[in-house]
Amino acid sequence: MRVLLAEDEHALGEWLSKALAQSDIQVDWVDDGQLAERALDDSDYDALILDLGLPGLTGRQLLQRLRARDRRLPVLILTARDSLAERVQALNQGADDFLAKPFALEELEARLMALVRRARGADNPRLACGPLQYDTATKQFTLADQMLHLSPREHAVLRALIQRTGEPMSKAQIIARVFSDQDDVLPDVIEVLVHRLRKRLEGTGLAIVTYRGLGYALEMAA
């Protein structure tokens, strides 16, 4: 999962980015509303964690712009403003959930996962494509009910693909999700990893299909 964190409190932003990374959630952190809007235009995210009191462009303004453009990205409001009126207003403006500071990390992670599952149209924490399943709780793949053992990079690439089953992902999108903190990764690395995954999926009824000019998609084999 890749999320955008828009939080101007630097100590909280740094801590939350590192803490969520321990749960296999990749975080891009910005401390300004205009930077957040630019990041949302430039990159593909599963959710937005949004502080209301951002400089440059407030959280409310950013939320209103997102919804005015019919962007259905799940938005979790994270703020010290915990009055009933604040919560109601934020939800009416298009927020999907509201969590007041201070908060427990476990609750934030649970709420975040629930929002993403809901946005994908499923309440089951398992993602599936044919006989391949990924359990978001255990972070394990199974293939035909057998554990699928992968290298960390293979695991990360396959996880990115199964999260968008049937939708092509470009090499750049995969790199951003899998190697967000490694700027020197070349597209050839993705080709090698996809080649390895194709070998592992041979004879299973699954395929990683190349769509010229668009990227790779995980699908049931034709």
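Here is what the cut-offs are and how they apply
Residues numbered from 1 in each chain as written. Predicted model: local features only at pLDDT ≥ 70, side-chain atom pairs only at ≥ 80, totals over all residues. Heavy atoms only, no water. Helix = DSSP H or I, 4+ residues; strand = E, 2+ residues; numbered from the N terminus. Buried < 20%, exposed > 50% of the residue type's maximum accessible area, 1.4 Å probe, protein only. Contact = heavy atoms within 4.5 Å. UniProt positions renumbered as here; feature names shortened; annotations may be inferred. Pairing = 2+ DSSP bridges. Axes fitted to C-alpha atoms, helices over the stretch in contact; angles between N-to-C directions. Right-handed = clockwise from strand over helix to strand, strands pointing away.

**Student:** Whenever I open this one, the environment of Ala39 confuses me. Can you help?
**Tutor:** Residue position: Ala39 is located in helix α2 (residues 33–42). A relative accessible area of 13% places Ala39 in the buried class. Distance in space between the C-alpha atoms of Ala39 and Asp28 is 8.6 Å, their sequence separation being eleven residues. The contacts of Ala39, once residues within four sequence positions are left out, are Leu4 and Tyr45.

**Student:** How should I be thinking about the UniProt feature "modified residue: 4-aspartylphosphate" (unreviewed entry) in the protein chain in this particular structure?
**Tutor:** According to UniProt, the feature "modified residue: 4-aspartylphosphate" (unreviewed entry) maps to Asp51 in the numbering used here. Assessed through its relative accessible area of 4%, Asp51 is described here as buried. Sequence-distant contacts of Asp51, defined by excluding residues within four places in its chain, comprise Ala6, Glu7, Asp8, Gly59, Leu78, Thr79 and Lys101.

**Student:** Help me understand the sheet that holds strand β3 (residues 47–50), please; the structure alone is not making it clear to me.
**Tutor:** By way of backbone hydrogen bonds, the strands of a sheet pair with one another, either parallel or antiparallel. Strand order in this open sheet of five strands is β2-β1-β3-β4-β5, and the pairing throughout is parallel. Either end of the sheet is taken by a strand with one partner, and the two such strands are β2 (26–30) and β5 (97–100). With direction set aside, neighbouring strand axes in the sheet form an average angle of 20°. Those strands touched by helix α3 (residues 59–68) are β3 and β4 (75–79), and its axis lies near 155° from that of β3.

**Student:** I keep staring at the sheet that holds strand β9 (residues 146–147) and nothing clicks. Help me out?
**Tutor:** The strand order across the open sheet formed by four strands is β6-β7-β8-β9, and the pairing between neighbours is antiparallel. Each edge of the open sheet carries a strand with a single partner, namely β6 (126–129) and β9.

**Student:** Looking at this structure, I do not really get the pairing of β4. What am I missing?
**Tutor:** Walk down a regular strand and you will see the side chains alternate between the two sheet faces. Counted residue by residue, β4 has five buried out of five residues, so it is predominantly covered. What you see with β4 is no split at all: Val75, Ile77 and Thr79 on one side and Leu76 and Leu78 on the other are buried throughout. Relative to β4, β3 runs parallel, the two being bridged by three bridges. Residue pairing for β4: Leu50 is matched across the bridge by Ile77. Crossover connection from β3 via α3 to parallel β4: handedness right-handed. Where β4 meets β5, four bridges bridge the pair, whose relative direction is parallel. Across the sheet, the residue bridging to Leu76 is Asp97, located in β5.

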